[in-house]
Amino acid sequence: RKVSHIMHRYGGHVYAFPRTGYAANAERWFAIDWHHLSVDGHEVVADGVKELIDKFGKKYSRDKARVGSWGEGDQCTNWFMDGNCPLEYGGDTRLAPFDGFGGLNKFAIEFKGRGSILFENKKSHPVPLFISYMTKKDNYPVAEVRIGRRIRLIDPQRESTPRHIMTTHFLGWSKPGVNKLHIKPVGEWLLPFRVTGIIECGACIEHNKREIIASMKLDERDFNNS
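Just so you know, these numbers come straight off a predicted model, no measurement behind them. (Residues numbered from 1 in each chain as written. Predicted model: local features only at pLDDT ≥ 70, side-chain atom pairs only at ≥ 80, totals over all residues. Heavy atoms only, no water.)

**Student:** Please clarify how the overall build of the protein chain should be interpreted in this entry.
**Tutor:** Looking only at helices and strands, the protein chain has three helices and nine strands in total. Buried residues in the protein chain amount to 37% of all 226 residues. A sequence separation of at least 24 residues applies to 72% of the contacts in the protein chain between residues at least 6 apart. Per element, the accessible surface of the protein chain, about 14300 Å² overall, is 52% carbon and sulfur. (Helix = DSSP H or I, 4+ residues; strand = E, 2+ residues; numbered from the N terminus. Buried < 20%, exposed > 50% of the residue type's maximum accessible area, 1.4 Å probe, protein only. Contact = heavy atoms within 4.5 Å. Areas by Shrake-Rupley, 256 points an atom, 1.4 Å probe, with all protein chains shown as cover.)

Okay, structure coming up:
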């Protein structure tokens, strides 16, 4: 109700997943974990959103659309859906498919041991850096991740969920030019540490600069890769 109220206030519209009355009637729309949508479920959502756009889209014109600037923008590289990774990676790693919940494969760079990923910051200044990875309780190892001189421990267990999901974590800052992300799993677990994307969010500087700097307590030494 709160979401609907907010959207109504700003002239927006809300898509709602159909209600069947009984969970069993919706079973075909969900994957085996009852968290992710199945292929049929995705089609239901796509058709519903299209119907919403067709119904209300005629009221809006492109020249009157309230679209703001994305400012510093972002550089997002994600191979989760199609396995198309343009980044260079090496060490005890491989790009591999894994069960995609709804019957379709998803993809990740798997770290069975020490490895690295190279990526480029095309800005002329440092920008906030995020990593996307897979998590599931009691399945994935903690990983030691280093960017420049800053080392962080990424713990997929912190989500404490039995469901297999992808999550994103703030690492620090990437310096202008080529950066190298060093990753080393700690210990042995059922599955390798799986990385699904790298995000450099320039726009985050404008919108969350104080929070980011305060949370990381960074200085210029963090941008000097070794």
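Structure shown, so let's carry the discussion forward.
**Student:** When you look at the packing of aromatic side chains in this model, what are you seeing that I'm missing?
**Tutor:** When we look at a pair of aromatic rings, we describe it by the centre distance and by the angle of the planes. Counting across every chain of the model gives five aromatic pairs. Judged by centre distance (5.1 Å) and plane angle (40 degrees), the rings of Phe130 and Phe170 are tilted. Of this pair, Phe130 sits in strand E4 (residues 127-135) while Phe170 is found in strand E7 (residues 165-174), placing the two residues 40 residues apart along the sequence. Relative accessible area serves as the criterion here: at 18%, Phe130 is assigned to the buried category. Chaining the aromatic ring pairs together yields one cluster made of Phe17, Trp29 and Phe30. (Phe/Tyr/Trp six-rings, centres within 6.5 Å; stacked < 30°, edge-to-face > 60°.)

**Student:** Hey, could you run me through the pattern of salt bridges in this one?
**Tutor:** When charged atoms on two side chains of opposite charge get close, those side chains can pair. Counted by the stated rule, this structure contains five salt bridges. Its salt-bridge partner being Lys123, residue Glu72 comes within 3.8 Å of it at the nearest N-O pair. Separated by 51 residues along the polypeptide, Glu72 in the loop between helix H2 (39-56) and strand E1 (74-78) and Lys123 in the loop between strand E3 (106-121) and E4 bring together distant segments of the chain. Overall, Glu72 belongs to the partly exposed group, its relative accessible area being 26%. Relative accessible area serves as the criterion here: at 29%, Lys123 is assigned to the partly exposed category. For the salt bridge of Glu110 with Arg94, the shortest nitrogen-to-oxygen distance reads 3.0 Å. Here the residue Glu110 occupies a position in strand E3, and Arg94 occupies one in strand E2 (residues 88-98), the gap between them amounting to 16 residues. With relative accessibility at 2%, the residue Glu110 sits in the buried group. Linked through salt bridges whose partners overlap, the residues forming this network are Arg94, Glu110 and Arg194. (Salt bridge = Lys/Arg side-chain N within 4 Å of Asp/Glu carboxyl O.)

**Student:** Would you mind going over the nonpolar core with me for this structure?
**Tutor:** Within soluble globular proteins, side chains that are nonpolar generally end up buried alongside one another. Ranked by size, the top nonpolar core spans 20 residues in total, and within it Ile131, Leu181, Ile183, Phe193, Val195 and Ile198 carry the most contacts. Going through the elements one at a time, E3, E4, strand E5 (142-147), strand E8 (177-186) and strand E9 (193-201) are the ones with two or more residues in this core. It is E3 that contributes the most residues to this core, four residues altogether. With residues up to four places along the chain from it excluded, the contact list for Ile183 reads Phe111, Gly113, Arg114, Gly115, Ile117, Ile131, Ala143, Glu144, Val145, Phe193 and Val195. Grouped together as the second largest cluster of nonpolar side chains are eight residues, Phe130, Cys201, Ala203 and Ile205 included. (Core = buried A, V, L, I, M, F, W, Y, C linked by side-chain atoms within 4.5 Å.)

**Student:** Before we go on, may I ask you to explain the side chain of Asn139 in this structure?
**Tutor:** Position of Asn139 among the secondary structure elements: in the loop between E4 and E5. Looking at Asn139, the relative accessible area reads 12%, which means it is buried. Ignoring anything within four residues of it in the chain, the contact list for Asn139 reads Gln157, Trp189, Leu190 and Leu191.

**Student:** Which parts of the structure should I look at to understand the pairing of E7?
**Tutor:** A regular strand carries its side chains on alternate faces of the sheet. In terms of residue burial, E7 counts as a mostly covered element, since eight of its 10 residues are buried. Looking at chain direction, E4 and E7 are connected through nine bridges and run antiparallel. Looking at the pairing, Tyr133 lines up with Thr167 of E7. (Pairing = 2+ DSSP bridges.)

**Student:** How should a nonpolar patch on the surface be read in this particular structure?
**Tutor:** A contiguous nonpolar surface patch, about 230 Å² in accessible area, is contributed by Val3, Met7 and Val14. Structurally, the position occupied by Met7 is in helix H1 (residues 2-9). Owing to a relative accessible area of 31%, Met7 belongs among the partly exposed residues under this scheme. (Patch = residues over 30% accessible without salt bridge, like charges linked within 9 Å, V, L, I, M, F, W, Y side chains within 5 Å.)

**Student:** It is not clear to me how a negative patch on the surface should be interpreted in this structure. Could you clarify?
**Tutor:** On the surface, Asp40, Glu43, Asp47 and Glu51 cluster together to form a negatively charged patch. Turning to its location among the elements, Asp47 is positioned in helix H2. (Lys, Arg positive; Asp, Glu negative; His and termini not counted. Charge placed at Lys NZ, Arg CZ, Asp CG, Glu CD.)

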